[in-house]
Amino acid sequence: MIPSERLKGIEAFVATADAGSFTAAAERLNLTNSAVSKSVARLEVRLGSRLFERTTRRLALTDAGTAFYRTCVRVLADLEEAEAVLAAQRHEPVGRLRLDAPAAFGRLQVWPLLLRFAQQHPHLRPHVSLTDRFVDLLEEGIDVAVRIGGPDHWPASLGHRYLGSERLIFCASPDYLARSGTPASLADLSRHDAVLYGKADGSTSPWLIAHDAGAVERRTMEGRIVVGSGEAQVAAVKAGCGIAQLATWLVREDLASGALVPILPGYTTDGLPLNLVWPVGRQLLPKVHTILDLLASELRIA
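Rules of the game
- The residue numbering used here restarts from 1 in each chain and proceeds along that chain's sequence as written.
- Where totals are concerned, whole chains, interfaces and linings use all residues; where local detail is concerned, this predicted model gives features only for residues with pLDDT of at least 70, and gives and counts side-chain atom pairs only at 80 or more.
- Note that the side-chain values use all heavy atoms of the structure and ignore hydrogens as well as water.
- UniProt positions are given in the numbering used here, feature names are shortened, and annotations may be inferred rather than shown by experiment.
- The distinction between a cavity and a pocket rests on a 1 Å grid over the protein atoms alone: a 1.4 Å probe fits inside a cavity but cannot get out, while a pocket stays open yet meets protein on both sides within 12 Å along at least five of seven lines, and a residue with an atom within 4 Å of a point counts as lining.
- Grid points are joined across faces, edges and corners, and a volume is the space filled by probe spheres set on the points.
- Here a helix means four or more residues in a row that DSSP labels H or I, a strand means two or more in a row labelled E, and each is numbered from the N terminus.
- Any residue under 20% of the maximum accessible area for its type is buried, any over 50% is exposed, and the rest in between are partly exposed; the area is computed with a 1.4 Å probe on protein chains only.
- This arc corresponds to the set of directions leading from the helix axis out to the C-beta atoms.
- Only rings of Phe, Tyr and Trp enter the pairing, Trp through its six-membered ring, and a pair is recorded when the two centres are within 6.5 Å. The plane angle decides the type: under 30 degrees is stacked, over 60 is edge-to-face, the rest tilted.
- Note on definitions: angles span 0 to 180 degrees between N-to-C directions of axes, and those axes are lines fitted to C-alpha atoms, for helices only across the stretch in contact.
- Should an angle lie under 35 degrees it is considered roughly parallel, over 145 roughly antiparallel, and from 65 to 115 roughly perpendicular; all remaining angles are considered oblique.
- Should the near helix be turned counterclockwise from the far one by less than a right angle, the crossing is left-handed, whereas a clockwise turn marks it as right-handed.
- Should any heavy atoms of two residues lie within 4.5 Å, those residues are counted as being in contact.
- Each residue is assigned to one class: nonpolar for Ala, Val, Leu, Ile, Met, Phe, Trp, Tyr, Cys and Pro, charged for Asp, Glu, Lys and Arg, and polar for all the others, Gly among them.

The name given to the chain in an unreviewed UniProt entry is LysR family transcriptional regulator, and the organism recorded there is Pseudoxanthomonas winnipegensis. What UniProt records for the chain under Sequence similarities (unreviewed entry) is the sentence "Belongs to the LysR transcriptional regulatory family."

1. Things to note about the layout of surface pockets
As a volume, the largest pocket reaches approximately 1300 Å³. For the largest pocket, the lining is made up of 48 residues, of which Asp132, Ile148, Glu166, Tyr197 and Leu272 are closest to its centre. Taken as a whole, the second largest pocket encloses approximately 440 Å³ of empty space. As for the second largest pocket, its lining consists of 23 residues, and the residues nearest its centre are Arg74, Ala77, Arg96, Glu140 and Gly141. Mapped by element, the contributors of at least two residues to the lining of the second largest pocket are α4 (63-87), β3 (95-101), β4 (124-130) and α6 (137-140). The element best represented in the lining of the second largest pocket is α4, accounting for eight residues.

2. A word on helix α2 (residues 22-29)
Among the residues of α2, those classed as buried are Phe22, Ala25 and Ala26. Around the axis of α2, the buried residues are gathered within 100° of arc, so they sit on the same side. Of the residues in α2, the exposed ones pointing more than 90 degrees away from the buried face are Glu27 and Arg28. Downstream of α2 by a residue or two, Asn30 has a phi angle that is positive, lying close to 60°.

3. Section: the packing of aromatic side chains
Counted according to the given criterion, the structure contains six aromatic pairs. Ring geometry for Phe13 against Tyr69: centres 6.4 Å apart, planes inclined by 75°, an arrangement best described as edge-to-face. A residue pair is termed long-range when its members are at least 10 positions apart, and Phe13 in helix α1 (residues 4-19) and Tyr69 in helix α4 qualify at 56 residues. With relative accessibility at 0%, the residue Phe13 sits in the buried group. The class of Tyr69 is partly exposed, set by a relative accessible area of 22%.

4. Let's talk about the packing of helix α9 (residues 230-238) against helix α10 (residues 248-257)
At a minimum axis separation of 10 Å, α9 and α10 run at an interaxial angle of 30°. As summarised for this structure, α9 and α10 are arranged roughly parallel, according to the angle between their axes. At the point where α9 passes α10, the crossing takes the right-handed sense. Residues Gly230, Glu231, Val234 and Lys238 of α9 form the contact with α10, whose participating residues are Leu250, Val251 and Asp254. Residue composition of the contact of α9 with α10, by class: three nonpolar, one polar and three charged.

Shown next as structure tokens:
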């Protein structure tokens, strides 16, 4: 069992780090300035490490303090979550829900679902990150992540649910095809301008070509335009800059409106897998298993 005094020290420490001073933290906790500063001092003695650099103007976390702060925030959040779950008798999604999704897919596909979910569950507090950087779920306290791509074998610490694979299609704008002609074969593609996805390491994503035998060729192209954003790729193709191979979820509305035209539909191929990922055990929380069910139902690729 964790002694209550130890928890008090953690709460005072986190409040001080968040507020930037003992005075502001004392006001937030409804304690005296002396009580907060002494609580933090006792914590530093017990840990044998300085948590703050103290100057006449402000407090700043030390490196050790920064690392300890991240852990304490997770501990306090877990305690808050446990209390909220008990208060709701495990029937209603409540508390903070941390969710991470790829930037473009998250904005276009996940975010509308989360807004609806939040309206249906007023006691839920979603904290959402939409980013293409690698996010460590355990390190950053993420409850659920949507992943495009990923390892062949997920670690035992993470649960996952496969939702299907992207479908990739070649497409261009009507204006571009009117100027440059419509490719009738794979050989024709090399004579056209290509709009490619650029990776952080400076390379470009190859075009994937599905052949009759089931093999998938990874064809490296020279791009007229290279950009590290799927949405920017779509904008460039709609502007008539060339042909791109794009996921159907990214261009569904543009294909329906005629702003983009599919090319060589016989070479539509599977792209990266789509998965839901979460720390093992967290699916037992109402907020997690409820959002998992919603996302699995709405995002599943046939």
